[in-house]
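Residue-level structure breakdown
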Amino acid sequence: MLKPEEVVQAIQTEIKKYESKLKMESVGYVLQVGDGIARVYGLDEVMAGELVSFQDETMGLALNLEPGNVGVVILGSDRNIKEGHQVRRTGRIAEVPVGTALLGRVVNPLGVPLDGKGPIASEKRRPLETVPPSVIERQPVKEPLQTGIKAIDAMIPIGRGQRELIIGDRQTGKTAILIDTIVNQKGTGVKCIYVAIGQKLSSVVALAKTLEEYGAMEYTTIVSASSDDPAPLQYLAPYAGCAIGEEYMHNGQHALVVYDDLSKHAVAYRELSLLLQRPPGREAYPGDVFYLHSRLLERAAKLRDDLGAGSLTALPVIETQMGDVSAYIPTNVISITDGQIYLESDLFYAGVRPAVNVGLSVSRVGGNAQTKAMKQVAGQLRLALAQYRELAAFAQLSTDLDKSTKDQLTRGERMVEILKQNILQPIPFERQVAVIFAGNEGHLDDVPLDRLKDFEIQLLAFLDEHYPDVFHNIREKKAISDDVKAKLADGVKKFKAKFLA
């Protein structure tokens, strides 16, 4: 039989163990919904950029905090969301999973896999929006990021931690440059993130397949917000790609993130802003459209050595209309980036591919991001092309040209020809140096133009076989010594005699 004191003791123990399970929860109600936007009443303590959950478990993002209601953009379909439905706070700012588990995967801007390869096993997450590294945390851009494209590596070099804009009309080969650059990072330890904004799903699938074929998918993540995704997802996509890249940068690694393209990103943001009834500005874009891209691109950096010396390189893409570089969004992004690669339709249709207009393209980091060997040959190349462009215009008007003018035109034609390059054929920098060296020294001046491509391929094979130490030397020392120069000149002469015989 139980004693009264035992009963009292048991009750006292239970009372001590009892904890109040009362939990405060911030709940709101949908006032109005439509066009992917919901007006919510009652979420008094919601944070700007916080994720909220609707009754049907669709997620939303609180963007407009107004006195009477909160403007929420719906990250998905608004078909099942009705007036009067409950909306709950999650307490989480929009974030994305990060880390090596994302390599080789295709995800949406919230980190949900789209490739059918199962869930992403990543514990770590990063917020989509973060403060960029301060001036004190950075160091100058001085390491090259090789694209494998002769015209770019020689004349518009890109460094690790740089932001280089790729700009041009549609169908001028912008994405081709991005793909080549990603493929060329194989074996360099650079992790790549390709952000597809507002593209057709078929294009994203084709791109993933191409990268898979060339073995590039093993160090690449594709963040896709396709044209059939709602505008809020297209708006979040570049920030998600940037957050994935920042994880590598802060761990002392190198990452390359490409945004293809920011014109569609600005259009998606304009759609959101107008639906949220924010006041429109020029071309109906909201007033903060400059800040939209500056806060994204400023996150690209080369960190100080004591912070791990990691880097995040950004290659944003802008599509122009009829070559108009002075339009609103192009000028905005040009002013944020450290240079631009301008692709021209006329050059593309004339068979100069990549269609880089060397006159309008510039890298504001310049030679700092080049190896000494490339600097040694690139200076003369720029000069030869500048003189050629100037003379070519006059040569059309005049028939009788003196010898020096003819020589400069011949040299220029050869230089334009050797800078042509097929897609998905990136070339290691030491081979680029050898080819440009041969052109600069005048060895190609008497090679027929139509045989120049064959000459280049066979010359590299010949040097590989008979002068392998030349490439090894340039690769290791990253400079052309007098000894290497002599060997290279000798090799080119011997091959040329054999080729033209």
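Preceding this section is the structure that the text describes.
Residues numbered from 1 in each chain as written. Predicted model: local features only at pLDDT ≥ 70, side-chain atom pairs only at ≥ 80, totals over all residues. Heavy atoms only, no water.

Comments concerning empty space enclosed by the protein
Scanning the model with the defined rule gives two cavities of 30 Å³ or more in all. Quantified by volume, the largest cavity comes out at close to 60 Å³. Lining the largest cavity are P144, L145, Q146, D153, P157, I158, A369, Q370, T371, M374 and F429. Looking at side-chain class alone, the lining of the largest cavity contains seven nonpolar, three polar and one charged residues. Taken as a whole, the second largest cavity spans an internal volume of roughly 40 Å³. Lining the second largest cavity, in full, are I418, V435, A438, L444, L452, F455, E456 and L459. Examining the composition of the lining of the second largest cavity, we find that four residues originate from one element, helix α13 (residues 452-466), more than from any other. (1 Å grid on protein atoms, 1.4 Å probe; cavity = no way out; pocket = protein on both sides within 12 Å on 5 of 7 lines; lining within 4 Å. Points joined across faces, edges and corners; volume = space filled by probe spheres on them. Nonpolar A, V, L, I, M, F, W, Y, C, P; charged D, E, K, R; others polar. Helix = DSSP H or I, 4+ residues; strand = E, 2+ residues; numbered from the N terminus.)

Thoughts on the pairing of strand β11 (residues 190-197)
In terms of residue burial, β11 counts as a mostly covered element, since eight of its eight residues are buried. With seven bridges joining them, β11 and strand β13 (residues 254-260) adopt parallel strand pairing. If you follow Y194 over to β13, its bridge partner there is V258. Pairing of β11 with strand β12 (residues 220-225), which is carried by six bridges, proceeds in the parallel orientation. The residue bridging C192 from the neighbouring strand is T220, located in β12. For the crossover from β11 across helix α4 (residues 201-213) to β12, the handedness is right-handed. (Buried < 20%, exposed > 50% of the residue type's maximum accessible area, 1.4 Å probe, protein only. Pairing = 2+ DSSP bridges. Right-handed = clockwise from strand over helix to strand, strands pointing away.)

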